[in-house]
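Listed below are the residues making up each chain.
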Amino acid sequence: MSGFCGLLTSQREAVPLKSIEVEVEVRDHVATVVSTLNYENNEDKPIEAVFVFPLPGDAAVCHFSAKIGQTQIVAEVKEKQQAREEYDDALSSGQQAFLLEESEQSPDIFTLSVGSLPAGESASIRLEYVTELAVQADDGLRFCLPVVLNPRYQPQGSDGASVQVTSVPASLVPKSLSLSARVSSPRPICKVESSCSLDPLQYLNTEQTQATVKLAEGHKFDRDVELLIYYKDAHQPTAVVEAGQASAEPGTLMGDPVVMLSLYPEFPQSMTSSLASCGEFVFLLDRSGSMDYSINNIMRQETRIGSARDTLLLLLKSLPMGCYFNIYSFGSNYEHIFPNSVEYNQKTMAKALKKVEEMDADLGGTEILEPLEHIYSCPIIPNHPRQIFVFTDGQVSNTKKVIDLVKQNSDSHRCFSFGIGEGASSALINGLAKEGGGHAQFITGTDRMQPKVMQSLRYSLQPSVKDISVTWDLPQGVSVTDLSPPITALFHGQRSLIYAQLTGESSEAAEGSVTLKYTLAGHLSQNQLHFSLKPTEDTGLTLHRLGARSLIRSLEINFRGQPNEGVERKMVELSVQSGVSSSLTAFIVVHKDSSEPIKGPLLYVVDNPASCINASCGLFDSSDDYSRISKIGRTVNKKVKSVFSRVGSYLKLSRRASPPRKEMSQCSAAIVKPEETLKDPLLQLVSLQEARGCWLLDPMLAAALGKTSKELENRKPSMVKQEVWATILALIWLHGFKMDMKEEWELLALKAVSWLRAQNAPCVAECVEAGNALLGCEVQKDLVGL
């Protein structure tokens, strides 16, 4: 069965979805994405196809249309139940219909029902959405077109159904993907990078503020398409005002201008360089079966669980003395190293590292809710703010429940999340960080996990920003309505986006200002931005749609689990008014000119484009499931089930633990066990550091430095203690040979320098000189931090 994928015919042959064409328009921090999906029914009978696909978790779907022959039909946004009933009515009367709806469990999964596509007929589906670009550790802006849909693990005892996906080799995928992107910004575009093959960047003007780039031919669905865009002076705050829709009524969201603010708070260096010596650090690691895949789906590369183990080593070595910590791991069940968080010292660190070395991807599924509940049930340690680090490659069907739990406990902790590998759920990863007041990172392609995680650890060690407020100063007669939720977290140099509706009239020359105030380490700070109220040209309605989506999501999260007809009515009205999808609405298209009686039964098939390596198209569990025939004479006045519940009755995710590797598809490169390799020299040295920050002068250190114990002893200045000499040698080696990986070891090196200073060691300059001679380096004393 693993040799087949996607939308299969009754003979298990070619798929109706032939190709996908994507056009991306990037304007500074946001992108508009237009995808065209080309279908063709090669069956000798009509089909109803259900196409399951991922989108960015924060995307606002704003257009959906279908072209059948020469007829173009544009979808309407309607209340979801009404849209489903109209869809079933259309099929029952022999009309062609299309239904696009968001999953009820997770906002980053959509289903597209292609109803009653006649034999031999072609159809093109046009889908448009807008999305924000996430800021990366190196200041690049990340655009991701998710084409890999990982399994949505369904927790034990949960309701609903999830889509099962399985692995097939890329060579068997008959679909193609083309992508072109146009990038424009007020600032010059330095470069555009990707883990996928790109054609050369083409600049469109001499200022290099506009450029185009294309995905090289031949891309298959084996990985998400990621573009990293780098602007000059990326940290400059900006404001963009977008004019309202001319046909919309003034005073409404779509009729008034909308402003988007991009704020980059810069903290004083004294604040960013002083790292806390307190805190409770809880690490939550995914040990489900898929963590045994490689990060970038390349054979013989390090597995995700292996990279996570190495990252935990760096984290544990970088923690400050006197803090508290614990490590949880989860799959179908969960484990913890200590019953409660313990004080960080040499004994507890050593015990934790021993347990980490034994961790493997052997705990089955992805039950993340229960360990989080246990963590939150543990008492808070006074004067030690709780920081939770979540590492997962998985996707769960109860995403909203997990995010709600984090939000409920947001006053007691910060949550830093890491999505590992292709297809990690953006809704889950971004939602954990957003509601937990932390920071989200994605590790894909050739990314190393360690520098991104260590950046987040540095954020967690900085003082928490409190009393955050945003105030507006606008001309008389102009008022502002916030469309974004209140800012709950700020980090040095990290962007915060704010959307607001501007009501009232002003002159073209009018200006406004916004002031961001906050308290950092007891000091009141503020950043102010002045901006023109004159709308920017040619932005379309991108900002209005992003603002509408932001307001809809805020309402949904704040009132989820608390039924409120007024709030639900407002969400539906906002969705319909702005043309942006929501969990309560759906896009519906009915081709009313196609009401000829359908001859023969309607074949029901399911598709998922993510068909390679560690994630694949949906497959039927049995031939009976596979070839269900749907009678057109269905009873329309029955309670209409959602597309997900209909699909789920055929495609159920197994609730068993993940199968042993030997039972998985032999054709997937992602599950080939990497060959045992020698430990990385950096990790070998780091593993020898004591919790207090020093190194011991012993044969293991000598081996890590590439020397003998005798060489180390003979070069040691006579008045210097062994531990001081060993620690200086380690610091010289790090600065001399591993400067390209400084982000990974900088925090543990700072701890080592602090330890050295506390020793009041004599002859430091002599030690550095002797260490340079021994190791063949030229590291200056001040560069080491001494």
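Residues numbered from 1 in each chain as written. Predicted model: local features only at pLDDT ≥ 70, side-chain atom pairs only at ≥ 80, totals over all residues. Heavy atoms only, no water.

(A) The packing of helix α5 (residues 369–377) against helix α6 (residues 399–408), seen in detail. Across the interface, α5 lies against α6 with an axial gap of 10 Å and an inter-helix angle of 10 degrees. One element, α5, and the other, α6, form an angle in the roughly parallel class. Of the residues in α6, those touching α5 at Leu-369, Leu-372, Glu-373 and Tyr-376 are Lys-401, Val-402, Leu-405 and Val-406. Across the contact of α5 with α6, the residue classes tally to six nonpolar, no polar and two charged. (Axes fitted to C-alpha atoms, helices over the stretch in contact; angles between N-to-C directions. Helix = DSSP H or I, 4+ residues; strand = E, 2+ residues; numbered from the N terminus. Parallel < 35°, antiparallel > 145°, perpendicular 65-115°, else oblique. Contact = heavy atoms within 4.5 Å. Nonpolar A, V, L, I, M, F, W, Y, C, P; charged D, E, K, R; others polar.)

(B) Here's a closer look at a positive patch on the surface. Taken together, the side chains of Lys-347, Lys-351, Lys-354 and Lys-355 present a region of like positive charge at the surface. Looking at the secondary structure, you find Lys-351 in helix α4 (residues 346–357). (Patch = residues over 30% accessible without salt bridge, like charges linked within 9 Å, V, L, I, M, F, W, Y side chains within 5 Å. Areas by Shrake-Rupley, 256 points an atom, 1.4 Å probe, with all protein chains shown as cover. Salt bridge = Lys/Arg side-chain N within 4 Å of Asp/Glu carboxyl O. Lys, Arg positive; Asp, Glu negative; His and termini not counted. Charge placed at Lys NZ, Arg CZ, Asp CG, Glu CD.)

(C) Main features of the sheet that holds strand β32 (residues 523–532). Strands sit in the order β28-β31-β32 across an open sheet of three strands; the sheet is antiparallel. Sheet topology places β28 (465–473) and β32 at the edges, where each strand pairs with a single neighbour. Neighbouring strand axes in the sheet, compared pairwise and without regard to direction, differ in orientation by 15 degrees on average. Judged from the seven bridges that link them, β28 and strand β31 (residues 511–520) form a sheet pairing that is antiparallel. If you follow Ser-469 over to β31, its bridge partner there is Lys-517. (Pairing = 2+ DSSP bridges.)

(D) The packing of aromatic side chains, seen in detail. Taken as a whole and assessed by the stated rule, the structure comprises 12 aromatic pairs. On the numbers, 5.1 Å between centres and 20 degrees between planes, the contact of Phe-389 with Phe-416 is stacked. Of the two residues, Phe-389 is situated in strand β24 (residues 386–392) and Phe-416 in strand β26 (residues 413–420); the sequence distance between them amounts to 27 residues. Across this residue pair, the class does not change: Phe-389 and Phe-416 are buried. Consider the rings of Phe-391 and Phe-418, whose centres lie 4.8 Å apart with planes at 10 degrees: the pair is stacked. In this pair, Phe-391 is assigned in strand β24 and Phe-418 in strand β26, connecting sequence segments 27 residues apart. (Phe/Tyr/Trp six-rings, centres within 6.5 Å; stacked < 30°, edge-to-face > 60°. Buried < 20%, exposed > 50% of the residue type's maximum accessible area, 1.4 Å probe, protein only.)

(E) Representation of the sheet that holds strand β4 (residues 60–68). Read across the open sheet, the eight strands follow the order β5-β4-β9-β2-β1-β13-β16-β15; overall the sheet is mixed. The open sheet has two edge strands with one neighbour each: β5 (71–74) and β15 (202–203). Sheet topology note: the β4/β5 ladder contains four bridges and is antiparallel. Across the sheet, Ala-66 pairs through a bridge with Ile-73, a residue of β5. Where helix α9 (residues 542–559) meets the sheet, its contacts fall on β2 (30–40), β4 and β9 (122–132), and the angle it forms with β9 comes to roughly 75 degrees.

(F) Spatial organisation of the nonpolar core. If you look at the biggest cluster of nonpolar residues, it comprises 81 residues, and the most contacted ones within it are Phe-283, Leu-316 and Phe-391. In terms of residue count, helix α16 (residues 722–737) provides more of this core than any other element does, 10 residues in total. Contacts of Phe-391, omitting those with residues within four sequence positions, involve Phe-283, Leu-284, Leu-285, Asp-286, Thr-311, Leu-315, Phe-330, Phe-418, Ile-420, Met-449 and Val-453. The next biggest cluster of nonpolar side chains, apart from the first, holds 54 residues, and it includes Ala-49, Ala-123, Ile-125 and Tyr-231. (Core = buried A, V, L, I, M, F, W, Y, C linked by side-chain atoms within 4.5 Å.)

(G) Representation of the side chain of Thr-131 in the model. Note on placement: Thr-131 falls in strand β9. Taking relative accessible area as the criterion, Thr-131 reaches 3% and is therefore assigned buried. Apart from the residues within four sequence positions on either side, Thr-131 is in contact with Val-30, Ala-31, Pro-56, Asp-58, Ala-59 and Leu-546.

(H) Just the pairing of strand β7 (residues 96–102), in detail. Burial analysis of β7 places seven of its seven residues in the buried class, the great majority of the element. Side chains of β7 alternate between two faces, with Gln-96, Phe-98, Leu-100 and Glu-102 and Ala-97, Leu-99 and Glu-101 buried alike. Here β7 pairs with strand β33 (residues 585–591) via six bridges, running antiparallel. Bridging across to β33, Leu-100 finds its partner in Phe-587. Between β7 and strand β8 (residues 109–117), which pair antiparallel in sequence order, lie six residues.

(I) Molecular detail of the pattern of salt bridges. Going through the model one piece at a time under the given rule, you end up with 19 salt bridges. Of the charged contacts, one joins Arg-27 and Glu-25 as a salt bridge, the two residues approaching to 3.7 Å between their closest N and O atoms. Note on Arg-27: relative accessible area 31%, which makes it partly exposed. Between Glu-102 and Arg-553 there is a salt bridge, with its nearest N and O atoms 3.6 Å apart. Residue Glu-102 is located in strand β7, and its partner Arg-553 is located in helix α9; the two are separated by 451 residues in the primary sequence. Of the two residues examined, Glu-102 and Arg-553, each falls in the buried class.

(J) Representation of the environment of Met-359. For Met-359, the position within the fold is in the loop between α4 and α5. Judged by relative accessible area, Met-359 falls into the buried class, the value being 5%. A sequence separation of 54 residues divides Met-359 from Ile-305, and the C-alpha atoms of the two residues are 8.0 Å apart.

(K) Region of interest: the side chain of Ser-184. Its location among the elements puts Ser-184 in strand β13 (residues 176–184). Here Ser-184 falls in the buried class, since its relative accessible area comes to 12%. Those residues within four positions of Ser-184 in sequence are excluded, and the remaining contacts are Val-26, Arg-27, Asp-28, Ile-189, Thr-209, Gln-210 and Tyr-231.

(L) Here's a closer look at unusual backbone geometry. A positive phi is found at Asp-467, a non-glycine position, where the angle reads about 55 degrees. Relative to the assigned elements, Asp-467 resides in strand β28. Even without being a glycine, Cys-763 presents a positive backbone phi close to 60 degrees. Mapped onto the fold, Cys-763 is located in the loop between α17 (742–759) and α18 (764–775). Judged by its relative accessible area of 29%, Cys-763 falls in the partly exposed class.

(M) Quick look at the packing of helix α3 (residues 304–318) against α4. In the contact formed by α3 and α4, the axes pass within 10 Å of each other and the chain directions differ by 175 degrees. Compared by their axis directions, α3 and α4 come out roughly antiparallel. On α4, the residues touching Arg-309, Leu-312, Leu-313, Leu-316 and Lys-317 of α3 are Met-349, Ala-352, Leu-353, Val-356 and Glu-357. When its residues are assigned to classes, the contact of α3 with α4 shows seven nonpolar, no polar and three charged.

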